[in-house]
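The lines below spell out each chain.
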Amino acid sequence: YSTYLGGNGNWGNAIAVDALGRAYITGFVTTADLPTKNPFQPNLNGIENAFVAELAAGGSGLVYSTYLGGGGNDAGLGIAVDGSGNAYLTGMTGSSDFPTQNPFQPALKGGPNVFAVKMGPGGSGLVYSTFLGGSNQDMGSVIAVEASGNAFITGYTSSPDFPTQNAFQAGLSNTISNAFVSEL
């Protein structure tokens, strides 16, 4: 199959496919005409929001599609799916009001920061949603999930205070940026 998904200002950035052939897509949207179905967030909030959508196997229709973001700029850049149909997303957010649920880091620090989200099966809601970052610019670009449900995120940070724990390298090696790897 091949299909369009979106309105006048939508960009797809990542896709994952589960064992049943359902496709999960994330990206960002700048218009209020994203086709939504069973949305967690039915409307664009601000200028640019992330989005997440699940297409039925064979592309026959949307299972769910939703905006995800706050009043600043947000973009979904990476997505993964587990065997139960939970979608894991990462990207960047400049929104202090980005929706959080059971957050590791409840507030935006500096900006933009990484976001990490676990969306329940069928778009049933946020299992968790958290900021991850420091005082400068941080961006999550890829996410993977293991069978036990731990999510692994990589991207870049220019924050000297990016949260670390059990770190192989505890600080930036230069003043511009470094890659990071985090397990949630």
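Refer to the preceding data block for the structure.
Keep in mind it's a predicted model, so treat the numbers as computed, not measured.

S.K.: Can you explain the sheet that holds strand E8 (residues 126–132)? Please cite residues and give values.
M.R.: Spatially, four strands are ordered E5-E6-E7-E8 in an open sheet, and the strand pairing comes out antiparallel. This sheet does not close on itself; its edge strands, each paired only once, are strand E5 (74–81) and E8. Averaged over all pairs of adjacent strands, the angle between their axes in this sheet comes to 15 degrees, without regard to strand direction.

S.K.: Provide a residue-level description of the packing of aromatic side chains, including the pertinent values.
M.R.: Under the counting rule described, the total for this entry stands at four aromatic pairs. Both rings, one in tryptophan 11 and one in phenylalanine 28, keep their centres 4.8 Å apart while their planes meet at 15 degrees; by these two values the pair is stacked. With tryptophan 11 in strand E1 (residues 10–17) and phenylalanine 28 in strand E2 (residues 23–29), this residue pair connects regions lying 17 residues apart in the sequence. Look at phenylalanine 98 and phenylalanine 115: their rings are 4.8 Å apart centre to centre, the planes differ by 25 degrees, and that puts the pair in the stacked class. Taken together, the positions of phenylalanine 98 in the loop between strand E6 (87–93) and strand E7 (113–119) and phenylalanine 115 in strand E7 put the pair 17 residues apart, joining distant regions of the chain. Side by side, phenylalanine 98 and phenylalanine 115 carry an identical accessibility label, which is buried. Taken together, the aromatic side chains of Phe98, Phe115 and Phe131 make up a single cluster linked through ring pairs.

S.K.: Report on the nonpolar core, specifying residues and quantitative values.
M.R.: Ile79, Ala87, Leu89 and Val117 are the most contacted members of the largest nonpolar core, which has 17 residues in total. Those elements giving two or more residues to this core turn out to be E1, strand E3 (49–55), strand E4 (62–68), E5, E6, E7 and E8. Here this core takes three residues from E7, the largest share from any one element. Filtering out sequence-adjacent residues up to four positions away, leucine 89 remains in contact with Thr26, Phe51, Val52, Gly78, Ile79, Phe115, Ala116, Val117 and Ile143. Counting residues in each nonpolar core, the second largest holds eleven residues, with Tyr128, Ile143, Ala151 and Phe162 among its members.

S.K.: A description of the pairing of E4 should follow, citing residues and the corresponding values.
M.R.: In terms of burial, E4 is a largely internal element, six of the seven residues being buried. Here E3 pairs with E4 via six bridges, running antiparallel. For phenylalanine 51, the partnering residue across the bridge sits in E4 and is tyrosine 67. What sits between the antiparallel neighbours E3 and E4 is a turn of six residues, in which glycine 58 has the positive phi angle 80 degrees.

S.K.: Can you lay out the sheet that holds strand E10 (residues 151–157) for me, pointing to particular residues and giving the numbers?
M.R.: The strand order E9-E10-E11 describes an open sheet built from three strands, whose pairing is antiparallel. Where the open sheet ends on each side, the last strands, each with one partner, are strand E9 (138–145) and strand E11 (178–183). Neighbouring strand axes in the sheet, compared pairwise and without regard to direction, differ in orientation by 20 degrees on average. Here E10 pairs with E11 via six bridges, running antiparallel. Note on E11: the bridge partner recorded for threonine 154 is valine 181.

S.K.: Kindly report on the pattern of salt bridges, identifying the contributing residues and their values.
M.R.: If the charged atoms of two oppositely charged side chains come close together, the side chains can form a pair. If you walk through the whole model with that rule in mind, you get two salt bridges. Salt-bridge contacts for aspartate 18 lead to arginine 22; the nearest nitrogen and oxygen are separated by 2.6 Å. When its relative accessible area of 11% is taken as the criterion, aspartate 18 is described as buried. For arginine 22, a relative accessible area of 23% corresponds to the partly exposed category. A salt bridge links glutamate 54 to arginine 22, with the nearest nitrogen and oxygen atoms 3.6 Å apart. A residue pair is termed long-range when its members are at least 10 positions apart, and glutamate 54 in strand E3 and arginine 22 in the loop between E1 and E2 qualify at 32 residues. On the accessibility criterion, glutamate 54 (2% relative accessible area) is buried. Within the structure, one salt-bridge network assembled from shared partners comprises Asp18, Arg22 and Glu54.

Basis of the calculations
Residues numbered from 1 in each chain as written. Predicted model: local features only at pLDDT ≥ 70, side-chain atom pairs only at ≥ 80, totals over all residues. Heavy atoms only, no water. Pairing = 2+ DSSP bridges. Helix = DSSP H or I, 4+ residues; strand = E, 2+ residues; numbered from the N terminus. Axes fitted to C-alpha atoms, helices over the stretch in contact; angles between N-to-C directions. Phe/Tyr/Trp six-rings, centres within 6.5 Å; stacked < 30°, edge-to-face > 60°. Buried < 20%, exposed > 50% of the residue type's maximum accessible area, 1.4 Å probe, protein only. Core = buried A, V, L, I, M, F, W, Y, C linked by side-chain atoms within 4.5 Å. Contact = heavy atoms within 4.5 Å. Salt bridge = Lys/Arg side-chain N within 4 Å of Asp/Glu carboxyl O.

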